[in-house]
Amino acid sequence: MQTITTIQALRSCIRQWRHAGLSIAFVPTMGNLHAGHLQLVSTAKQIADKVVVSIFVNPTQFGPKEDFGSYPRTEKQDQAALQESDADLLFLPAVTEIYPQAASTGITVQGLSALHCGVSRPGHFDGVALVVCKLLNMVQPDLLLLGEKDFQQLSIIRRMIADLNMPVEIHSVPTVRECDGLAMSSRNSYLSASERQLAPMLYKALCTVRDAILAGDKNYQAIVNQQLSVLHQAGFAVDYFNVCRPLDLALADEDDSNLVLLIAAKLGSTRLIDNVVLQAGN
């Protein structure tokens, strides 16, 4: 596996692969890799000739009181994991390589970015869209691999790529979970031992609401409120728990057959997000 830190060297390598007629898949990450990230790499290896992984903790997607400074950075362990996973190239740029000067250009996916996480994290998805756009321009892959845990982020990037006619195909990969159901996340390392015991309740609440809907209950708010009470009593500070349409992430009504359940909550100081998708016929 090659490790490259500059855009110039990255483009030189990509150019050689292109001349050889090889297909390229790209997995963007912020590092502190876990099995969910490595599943993206494994899937990418199955569908493309070459796999590029980036590790970049992007400052523009963090708010002023968020955890940019303390976000886990585990480069040596990440490099070893990617080597073991047979990634072809690791792009490991410094902040000054991606943002040599303050960006004057921004990207806002209107509508989608203002919902759900966008309410409590204003500007977050603008930073995500900007860095993903920049990375796609640098790597110019055929395929972009993204996890489904960050469902709203996935939806926003899909819309950005469609709106800007970017020549890349998104391949989404299902959420990888711990054996007790907790969605894998780099921020899980923030949880204390007692919080880690409680954290799977978030997924359990999603599954309870899902099962009630599949059983025919259309009173979404009442079902959700029951689970909000359970989570609150356990110590969660729930940001939102919404039953939505998967295409535009608007709140669903009883006539919608395809649904996504979106939740975000703080447990102690750790913000957790998760989702469950329901499709007609499930």
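Going by the structure above, here's the rest.
The notes below deal with the structure included here. (Residues numbered from 1 in each chain as written. Predicted model: local features only at pLDDT ≥ 70, side-chain atom pairs only at ≥ 80, totals over all residues. Heavy atoms only, no water.)

1. Here we look at the layout of surface pockets
Basically, it comes down to this: Using a grid of 1 Å spacing that covers the protein atoms alone, one calls a set of points a cavity when a 1.4 Å probe fits there but cannot get out, and a pocket when the set is open and has protein on both sides within 12 Å along at least five of seven lines; lining residues are those with an atom within 4 Å of a point. Grid points are joined across faces, edges and corners, and a volume is the space filled by probe spheres set on the points. We count a stretch as a helix when DSSP gives it H or I for four or more residues in a row; a strand needs E for two or more, and each element gets its number in order from the N terminus. Charged residues are taken to be Asp, Glu, Lys and Arg, nonpolar residues to be Ala, Val, Leu, Ile, Met, Phe, Trp, Tyr, Cys and Pro, and polar residues to be all remaining types, Gly included.
Taken as a whole, the second largest pocket spans an internal volume of roughly 330 Å³. Along the wall of the second largest pocket there are 15 residues; nearest its centre are Phe151, Ser155, Arg158, Pro246 and Leu247. Listed by contribution, the elements that provide at least two residues to the lining of the second largest pocket are helix H7 (151-163) and strand S9 (270-278). The dominant element in the lining of the second largest pocket, judged by the number of residues it contributes, is H7, at five residues. The class makeup of the residues in the lining of the second largest pocket is eight nonpolar, four polar and three charged.

2. Points about the sheet that holds strand S1 (residues 2-4)
For the record, the criterion: The rule for pairing is simple: two strands pair if DSSP sees at least two bridges between them. Under this scheme, a helix contributes an axis fitted over its contacting stretch, all axes are lines through C-alpha atoms, and angles between N-to-C directions fall in the 0 to 180 degree range. Contacts: residue pairs with any heavy atoms within 4.5 Å of one another.
Spatially, six strands are ordered S1-S4-S3-S2-S5-S6 in an open sheet, and the strand pairing comes out parallel. Lying at the two open borders of the sheet, with one neighbouring strand each, are S1 and strand S6 (169-173). Adjacent strand axes in the sheet meet at a mean angle of 25°, parallel and antiparallel pairs treated alike. Looking at chain direction, strand S2 (residues 24-29) and strand S5 (residues 143-147) are connected through two bridges and run parallel. When the bridges of S5 are listed, Phe26 appears paired with Leu144. Against the sheet, helix H3 (residues 75-84) engages S1, strand S3 (50-55) and strand S4 (89-91), with an angle of about 170° to S3.

3. Details of the packing of aromatic side chains
Note the cut-off: Classification of ring pairs rests on two measures: the distance between centres of Phe, Tyr or Trp rings, Trp counted by its six-membered ring, which must be within 6.5 Å, and the angle between planes, read as stacked under 30 degrees, edge-to-face over 60 and tilted in between. Each residue gets one of three labels from its accessible area relative to the maximum for its type: buried under 20%, exposed over 50%, partly exposed in between, using a 1.4 Å probe on protein chains only.
This structure, assessed with the given rule, holds three aromatic pairs. Both rings, one in Phe56 and one in Tyr99, keep their centres 6.2 Å apart while their planes meet at 40°; by these two values the pair is tilted. Pair noted here: Phe56 is in the loop between S3 and H3 and Tyr99 is in the loop between helix H4 (95-98) and helix H5 (117-120), with a separation of 43 residues, a long-range link. Here Phe56 matches Tyr99 in class, with each residue buried. Ring centres of Phe62 and Phe68 lie 5.4 Å apart, and the angle between their planes is 65°; this geometry places the pair in the edge-to-face category. Judged by its relative accessible area of 11%, Phe62 is buried.

4. Section: the sheet that holds strand S8 (residues 259-267)
The strands that make up a sheet pair up through hydrogen bonds in the backbone, lying either parallel or antiparallel. Judged by pairing direction, the sheet is antiparallel, and its three strands sit side by side in the order S7-S8-S9 without closing on themselves. Strands at the two margins of the open sheet, each flanked by one partner only, are strand S7 (236-244) and S9. Between one strand axis and the next, the sheet turns by 10° as a mean value, whatever way the strands run. Sheet analysis places S8 next to S9, joined by nine bridges and oriented antiparallel. Bridge pairing links Ala265 to Leu272 in S9. Along the sheet face, helix H9 (residues 201-214) touches S7, S8 and S9 and points at about 25° away from the line of S9.

5. Concerning the pattern of salt bridges
As a reminder of what qualifies: Note on definitions: salt bridges are taken to be side-chain nitrogens of Lys or Arg within 4 Å of carboxyl oxygens of Asp or Glu.
Across all of its chains, the model carries 12 salt bridges by this definition. Between Asp88 and Lys45 there is a salt bridge, with its nearest N and O atoms 3.5 Å apart. With Asp88 in the loop between H3 and S4 and Lys45 in helix H2 (residues 35-47), this residue pair connects regions lying 43 residues apart in the sequence. The salt bridge partner of Arg121 is Glu66, with a shortest N-O separation of 2.8 Å. Pair noted here: Arg121 is in the loop between H5 and helix H6 (124-139) and Glu66 is in the loop between S3 and H3, with a separation of 55 residues, a long-range link. Bridged by salt links that share partners, the residues Lys45, Lys50, Asp86 and Asp88 form one connected network.

6. Remarks on the packing of H9 against helix H10 (residues 220-234)
Short version of the rule: For classification purposes, an angle smaller than 35 degrees is called roughly parallel, one larger than 145 roughly antiparallel, one from 65 to 115 roughly perpendicular, and anything else oblique. By definition, any crossing whose near helix is turned counterclockwise from its far helix by less than a right angle is left-handed, and any crossing with a clockwise turn is right-handed.
Where H9 meets H10, the closest approach of the two axes is 10 Å, and the angle between their N-to-C directions is 160°. Judged by the inter-axis angle, H9 sits roughly antiparallel to H10. You can see that H9 and H10 cross each other, and the crossing is right-handed. Listed contacts from H10 to Met201, Leu202, Ala205, Thr208, Val209, Ala212 and Ile213 of H9 are Tyr220, Ile223, Val224, Gln227, Val230, Leu231 and Ala234.

7. With respect to the pairing of S5
Extensive coverage of S5 is indicated by the burial of four of its five residues. Sheet topology places S5 next to S6; five bridges connect them, and they run parallel. Bridging from a neighbouring strand, Gly147 pairs with Val173 of S6.

8. Quick word on the side chain of Gln152
With respect to the element layout, Gln152 can be found in helix H7. Relative accessible area serves as the criterion here: at 5%, Gln152 is assigned to the buried category. In this structure Gln152 touches Leu112, Leu115, His116, Cys117, Gly118, Phe125, Tyr240 and Leu249, once residues within four positions along its chain are discounted.

9. Some words on H9
Using the following cut-off: Helix span, as expected, comes to 1.5 Å for every residue beyond the first.
Relative to the 20 Å expected for 14 residues at 1.5 Å per residue, H9 spans 20 Å between its end C-alpha atoms, a close match to the ideal helical length. Here H9 has its buried residues at Leu202, Ala205, Leu206, Cys207, Val209 and Ile213. In this fold, the buried residues of H9 make contact with H10, S7, S8 and S9. Gly216 sits one or two positions beyond H9 and adopts a positive phi of about 110°.

Note that all results are geometric; they support no functional claim without further evidence.
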